[in-house]
Amino acid sequence: LSMVGCAHQSMMNAADHVSSTDPSDESASCSFPFGAGVQAARGERIEQVQVGGEVMFSGGAYEACRVSGHARRKLDSRGSDTKRVAFVVGGIALAAVCCVALLARPDQREALLSSSSGQLQQLKSAAFFNLADDPQVNSANTDWAYSGDDGPAKWGTLHPEWGTCSTGAMQSPVDILHSKVTSFDLPQLKWKGFETATETGSQTAKEYFDGKSIALGDLNGPNIEVLGFSRYLKDLPLSAVEHHNFTLKEIRIHTPAEHKIDGNSFDAELQFIHQCNADTTPACTQSKIMVVSLLMSKANVALGETSPSFITTLLDDIRLLGGLWSQYVSLYSFDFGGVVKAIKPYSSRYFFFKGSLTTPPCTEDVSWFVFKDPMPIGAADLAYIASVQQGSNNRPLQPLNDRVVFSI
């Protein structure tokens, strides 16, 4: 059997998503689960399939389909605006598994085809888009860097509205010193709808590398309710303290970690960036930002430590881009419940203080919740993050000045 014919037949049996004609013919018809009617021809490469003005998949190395009917062929996917379903990214590996399945014994075949079906389902959950075409993920100014002439020491001079980066008295990140914290009691941090860490909930998200950090953006929740910060918080009745309801908007990875604790560095930091403004639900009359920070240290293999599954999944998704950082992955089934389940053991012990964004424009009056205990992350995942980000993306430490840091 040819690779194409084999993949068609096995996927038909495994997932009921692809139909094929006799693979011994010179061509075979296939109907992809995204609705594109296409015609396969052995040895012919196709770059994109376009349906209704939108590219539904592409893959320059995949011998697949000659377009017919309402779909059409369009050359050079890398040089034009694209919207690609990630079906093809795993096509070669999937086809190999399928062919092995057809040659396997019946008892082996069922397991292999089940695996193939699962991979097909995973690939169906993502699509590719051009980063530059989407204001939701491409609005950040790129005229700054983590080193060189546009590095952190110069951020405050690069644009007039970035002056706070140089002059602000509440800048982040900071080195949190136990000798200078104020102990206090506050509830465990809980996102609404995920209070028990057993709930699951799929939502859409956009994952990309914007030249600065790997990010999961265009989120619209879940929400989290926290106390407003006051340096006199310990002396006030909690009933008199204003509560704020923040909406999760973005998750970013920094390596190494930006914050330190008692001078101790960490290998990575996952920042959950929340907003409360006129566009969030519920709305805020005054725009506010809150960040939940999860510090991460290299996993101790001898102790059986590994990366949490949500980190591995996010990195697997970013791999689908294949290094084409001008695009992003649109995820249709991001499960925040898996994130909450992983970080729940860390969410009762944290530091609470006021700071700023750690990137330009370095906006201040940001509420920071930094978990005290680091979560393990596998060495391979750290290495992959480093290979994507190509260097450190942590802002240098900023003076704490006279800020109050609460230890919860």
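Our subject is the structure that appears above.
Just so it is clear, the structure is predicted and the values come from calculations on it, not from any experiment.

## Side note on the packing of aromatic side chains
Applying the stated criterion across every chain yields a total of 13 aromatic pairs. Seen in terms of ring centroids, Trp-144 and Trp-155 are 5.2 Å apart; in terms of plane orientation they differ by 80°. Their pairing is edge-to-face. With a gap of 11 residues between them, Trp-144 in the loop between β8 (126-130) and α4 (155-158) and Trp-155 in helix α4 connect regions that are remote in the sequence. Here Trp-144 falls in the buried class, since its relative accessible area comes to 9%. An aromatic cluster is defined as three or more aromatic residues linked by ring pairs; in this entry it consists of Phe-184, Phe-229, Tyr-350, Phe-352, Phe-369 and Phe-406. Lying over the aromatic face of Trp-144, Lys-212 brings its terminal NZ or CZ to 4.7 Å of the ring centre.

## Observations concerning the nonpolar core
Nonpolar side chains tend toward joint burial in soluble globular proteins. If you look at the biggest cluster of nonpolar residues, it comprises 58 residues, and the most contacted ones within it are Phe-272, Phe-334, Phe-336 and Phe-352. Per-element tally for this core: the top contributor is helix α6 (residues 309-319), with five residues. By size, the runner-up hydrophobic cluster in this structure holds 18 residues, among which are Val-181, Ile-289, Phe-351 and Val-370.

## Looking at the pattern of salt bridges
Under the criterion given, the structure shown has seven salt bridges. A salt bridge links Lys-192 to Glu-225; its shortest N-O distance comes to 3.7 Å. Here Lys-192, found in the loop between β10 (181-183) and β11 (202-209), pairs with Glu-225, found in strand β13 (residues 223-227); they are 33 residues apart in sequence, far enough to count as distant. Accessibility expressed as a relative area gives 39% for Lys-192, which makes it partly exposed. Overlapping salt bridges, with partners in common, bring together Asp-210, Glu-250 and Arg-252 in one network.

What counts and what doesn't
Residues numbered from 1 in each chain as written. Predicted model: local features only at pLDDT ≥ 70, side-chain atom pairs only at ≥ 80, totals over all residues. Heavy atoms only, no water. Phe/Tyr/Trp six-rings, centres within 6.5 Å; stacked < 30°, edge-to-face > 60°. Helix = DSSP H or I, 4+ residues; strand = E, 2+ residues; numbered from the N terminus. Buried < 20%, exposed > 50% of the residue type's maximum accessible area, 1.4 Å probe, protein only. Lys NZ or Arg CZ within 6 Å of the ring centre and 35° of its normal. Core = buried A, V, L, I, M, F, W, Y, C linked by side-chain atoms within 4.5 Å. Salt bridge = Lys/Arg side-chain N within 4 Å of Asp/Glu carboxyl O.

Read these as spatial facts, not as claims about activity.
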